[in-house]
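Inside the fold
In case you want the letters, here they are:
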Protein chains: 2
Amino acid sequence: MTGAALEKTTFREVMAAITQRITEGPWGPGTLIPTETELAEEFGCSRTTMNRALREISGLGLLDRKRKAGTRVRMAPIRQARFELPLVRNEVEAAGAEYRYQLINRAVLAAPDWLRARMDLGPDSPVLHIQCLHFADGKAFQLEDRWINALALPQALAEDFATIGPNEWLIATVPYSEVEISFLAVAADDLAVRHLDHAIGDPVFCVERATWWKNAAITLVSLSHPRGHRMTTRY
Amino acid sequence: MTGAALEKTTFREVMAAITQRITEGPWGPGTLIPTETELAEEFGCSRTTMNRALREISGLGLLDRKRKAGTRVRMAPIRQARFELPLVRNEVEAAGAEYRYQLINRAVLAAPDWLRARMDLGPDSPVLHIQCLHFADGKAFQLEDRWINALALPQALAEDFATIGPNEWLIATVPYSEVEISFLAVAADDLAVRHLDHAIGDPVFCVERATWWKNAAITLVSLSHPRGHRMTTRY
DNA sequence: CAGTGGTCTAGACCACAAC
DNA sequence: TTGTGGTCTAGACCACTGG
């Protein structure tokens, strides 16, 4: 006897088995693997289930599927790095640390040229500029430097952001919008030196996020981190 | 007549409609939306189709689904940044530029302590150290600084990497493995200054990738980029 | 033109979690 | 206990694309 239990074949089990054949088994890069129908028969599941399994593996970047041509193991796996960018408060609290917020600076002014270009604003556009800190267990965790388009979001002018961060306020106000996220390295400026334990000119890992809603720029924020910060993903 | 065509309702159409209700329509953050069965009836599709649509939207981070509790619009959307990290050659050529590779340095030596710790190597482990450049249309595009575990991958010692980069060789040799990817900011070192148009100490955006296969470290690579490089994603 | 994946359907049972 | 999502099935038709 085979010893195989009579459990139902789930698409997760199929995924695991197929993935193993790709990573450790006989299906090296470039291999044309059997059709859904054949595999479904081999694994004793429906084609629907096999389709789901293969579709998900394909989504992970290991397989390349084309009608008529069949399913092929990718020559070079599509390495993808995926990062979740939760609300700072949640990130801190998820790490079991105590969250604290502190406003550093709040000002209303005319948008400087570089910002007008970046956010596509008209001349003399009023913007709200906010700089603040997010702490984890008393240590500076993230420095936030944010610009808010005051024409698109006049309600922001009524907020003082003394006790709740602009990020949380914005999420509650403009929940779902177009977003552009960038990761980059910049040199530490005054603010980073003063609050993030950097020396002037130090390399700082920085996340920049621009947000639009119905084609109007809402906010541009730069999030900086302490020395040695890295964003890591594993798979 | 309604003017509506009699086309089948596809899960993509359903996705678009539901997504719109979330982003622009009546379903603000926290809303408990109708059940799959109800929605399927409203949209005139099967529950299977509605399930697929909702599952995919949920995968995008807009919905939170729990058995019995139902499907809820997330209070804070899970912002996720997803980056594809293709083979440099493909990345360059996909941009319509001409790719060129150049070896800078190749050496076999005993792993330094920091590397032994990082790759979990034994004392006196031999490693292959390779430094090389990837050009796009004649301009330095990426600086690669790689360490290869010579015990785990002795074939690497027979390669001179004069004409093809270690990345491509590795992909053909150890195709699918465990990977850890980090993004970080570092200060420009000699090599970056010499080849990437940096000044000493400049902030450099850097991708670090560690690769394991069957619990043995295979390679650790650091990829640096020219001034002002940023990784961007939009959605 | 024909093979392969893409998707829809109707029905069923199950697992989890709120009540 | 019971409602809701999670998943499997068998069958069907379609759409793309390689030959």
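So, here's what we can say about the structure. All residue numbers refer to position in the chain's written sequence, counted from 1. Each chain takes a letter, starting from A, and each ligand takes a number, starting from 1, following the order in which they are written. Predicted model: local features are reported for residues with pLDDT of at least 70 only, side-chain atom pairs are reported and counted for 80 or more only, and whole-chain, interface and lining totals are derived from all residues. The side-chain quantities take in all heavy atoms of the structure and omit both hydrogens and water.

**A word on the protein's contact with DNA strand C**
- Any residue with a non-hydrogen atom lying within 4 Å of a molecule or strand is treated as near it. Taken together, 24 residues form the shell around DNA strand C, and within it A:Arg47, A:Lys68, B:Thr10, B:Phe11 and B:Thr49 come nearest.
- Expressed as a percentage, the sugar and phosphate content of the atoms of DNA strand C within 4 Å of the protein is 64%.
- Polar contact criterion, stated in full: a pair of N or O atoms within 3.5 Å, where within protein one must be able to donate a hydrogen and the other to accept it, and residues adjacent in sequence count only if both atoms are side-chain atoms. The separation between a phosphate oxygen of DNA strand C and a polar side-chain atom of A:Thr71 is 3.3 Å.
- Contact distances for DNA strand C include 3.2 Å between a base nitrogen and a side-chain N or O atom of B:Arg67.
- Strands are runs of DSSP state E lasting at least 2 residues, helices are runs of H or I lasting at least 4, and numbering of each runs from the N terminus. Among the elements of the structure, helix H3 (47-59), strand S2 (63-66) and strand S3 (70-73) of chain A together with helix H1 (11-23) and helix H3 (47-59) of chain B are those that each provide at least two residues to the surface near DNA strand C.
- Ranked by the residues each element gives to the surface near DNA strand C, the list is headed by H3(B), at 4 residues.
- Three classes are used: nonpolar for Ala, Val, Leu, Ile, Met, Phe, Trp, Tyr, Cys and Pro, charged for Asp, Glu, Lys and Arg, and polar for all others, with Gly counted as polar. Considered class by class, the residues forming the surface near DNA strand C number 2 nonpolar, 10 polar and 12 charged.

**Considering the interface of chain A and chain B**
- The criterion used for residue contact is that any of the two residues' heavy atoms lie within 4.5 Å. Counting residues at the interface gives 52 residues for chain A, matched by 52 residues for chain B.
- Of the roughly 4500 Å² buried between chain A and chain B on both sides combined, carbon and sulfur atoms contribute 53%.
- By the criterion of area lost to chain B, the three top residues of chain A are A:Arg79, A:Tyr176 and A:Arg230, representing 18% of everything that side buries.
- Salt bridges are defined as contacts in which a side-chain nitrogen from Lys or Arg sits within 4 Å of a carboxyl oxygen from Asp or Glu. Across the chain A-chain B interface, the total number found is 4 salt bridges.
- For the pair chain A and chain B, the number of links is 16 residue pairs in polar contact (both at pLDDT 80 or more).
- Among the elements that line the side of chain A that touches chain B, the one with the most residues is strand S8 (residues 178-187) of chain A, at 10 residues.
- Residue classes in the side of chain A that touches chain B are distributed as 27 nonpolar, 9 polar and 16 charged.
- In this analysis, strands are considered paired if DSSP registers two or more bridges between them. Summarising the sheet, strand S4 (residues 79-85) of chain A and strand S4 (residues 79-85) of chain B pair through 7 bridges and their orientation is antiparallel. Among the inter-strand pairings, A:Phe83 is bridged to a residue of S4(B), identified as B:Ala81. In this description, buried area is defined as the sum, over both parts, of the accessible area (probe of 1.4 Å) that is lost when the two are combined.

**Considerations on H1(B)**
All names here are of chain B.
- Counted at 1.5 Å a residue, the expected span for H1 with its 13 residues is 18 Å, and the 18 Å between its end C-alpha atoms agrees.
- Partly exposed residues are those whose accessible area sits between 20% and 50% of the maximum for their type, while under 20% is buried and over 50% is exposed, using a 1.4 Å probe and protein chains only. When we look at burial in H1, the residues that qualify are Phe11, Val14, Met15, Ile18 and Ile22. Buried residues along H1 cover an arc of 100 degrees about the axis, so they all sit on one side.
- Its buried side turned inward, H1 meets helix H2 (36-43), H3, strand S2 (63-66) and strand S3 (70-73). The span you would expect from a helix comes to 1.5 Å times its residue count less one. The directions from the helix axis to the C-beta atoms form the arc being described.

**What about empty space enclosed by the protein?**
- A pocket, in this scheme, is an open set of points on a 1 Å grid over the protein atoms alone with protein on both sides within 12 Å along at least 5 of 7 lines, while a cavity is a set where a 1.4 Å probe fits but cannot get out; residues line either one if an atom lies within 4 Å of a point. Grid points are joined across faces, edges and corners, and a volume is the space filled by probe spheres set on the points. Throughout the structure, instances matching the rule amount to 4 cavities of 30 Å³ or more.
- Empty space within the largest cavity amounts to approximately 250 Å³.
- Around the largest cavity, the lining comprises 17 residues; the ones closest to its centre are A:Asn167, A:Ile171, A:Arg209, A:Thr211 and B:Arg79.
- Residue contributions to the lining of the largest cavity peak at 3 residues, all from helix H6 (residues 166-173) of chain A.
- Here the residues of the lining of the largest cavity are counted per class, giving 10 nonpolar, 4 polar and 3 charged.
- Considering only enclosed or pocket space, the second largest cavity measures out at about 200 Å³ in volume.
- The wall of the second largest cavity is formed by 16 residues, among which A:Leu85, A:Pro86, A:Glu91, A:Gln142 and A:Leu223 lie closest to the centre.
- Elements with a contribution of two residues or more to the lining of the second largest cavity: S4, helix H4 (88-94), strand S7 (139-149), strand S9 (203-213) and strand S10 (216-224) of chain A.
- Taken together, the residues of the lining of the second largest cavity break down into 8 nonpolar, 4 polar and 4 charged.

**Some words on the protein's contact with DNA strand D**
- Around DNA strand D sit 25 residues, and of these A:Thr10, A:Phe11, A:Thr49, B:Arg47 and B:Lys68 come closest.
- Atoms of DNA strand D within 4 Å of the protein belong to the sugar or the phosphate in 64% of instances, the rest to bases.
- Contact distances for DNA strand D include 2.4 Å between a phosphate oxygen and a backbone N or O atom of A:Phe11.
- A distance of 3.3 Å separates a phosphate oxygen of DNA strand D from a polar side-chain atom of B:Thr71.
- Among the secondary structure elements, those contributing two or more residues to the surface near DNA strand D are helix H1 (11-23) and H3 of chain A together with H3, S2 and S3 of chain B.
- No other element matches the 4 residues that H3(A) contributes to the surface near DNA strand D.

**As for the environment of B:Gly201**
- Structurally, B:Gly201 can be placed in the loop between helix H7 (190-196) and strand S9 (203-213).
- Overall, B:Gly201 belongs to the partly exposed group, its relative accessible area being 29%.
- For the pair B:Gly201 and B:Ala188, spaced 13 residues apart in the sequence, the C-alpha separation amounts to 4.7 Å.
- Setting aside anything within four residues of it in sequence, one finds B:Gly201 in contact with A:Gly201, B:Ala187 and B:Ala188.

**Quick word on the side chain of B:Asp202**
Residues and elements named next belong to chain B.
- Structurally, aspartate 202 can be placed in the loop between H7 and S9.
- In terms of polar contacts, aspartate 202 uses its side chain to reach the backbone amide nitrogen of alanine 199, at 3.0 Å.
- Filtering out sequence-adjacent residues up to four positions away, aspartate 202 remains in contact with Val186, Ala187, Ala188 and Arg227.

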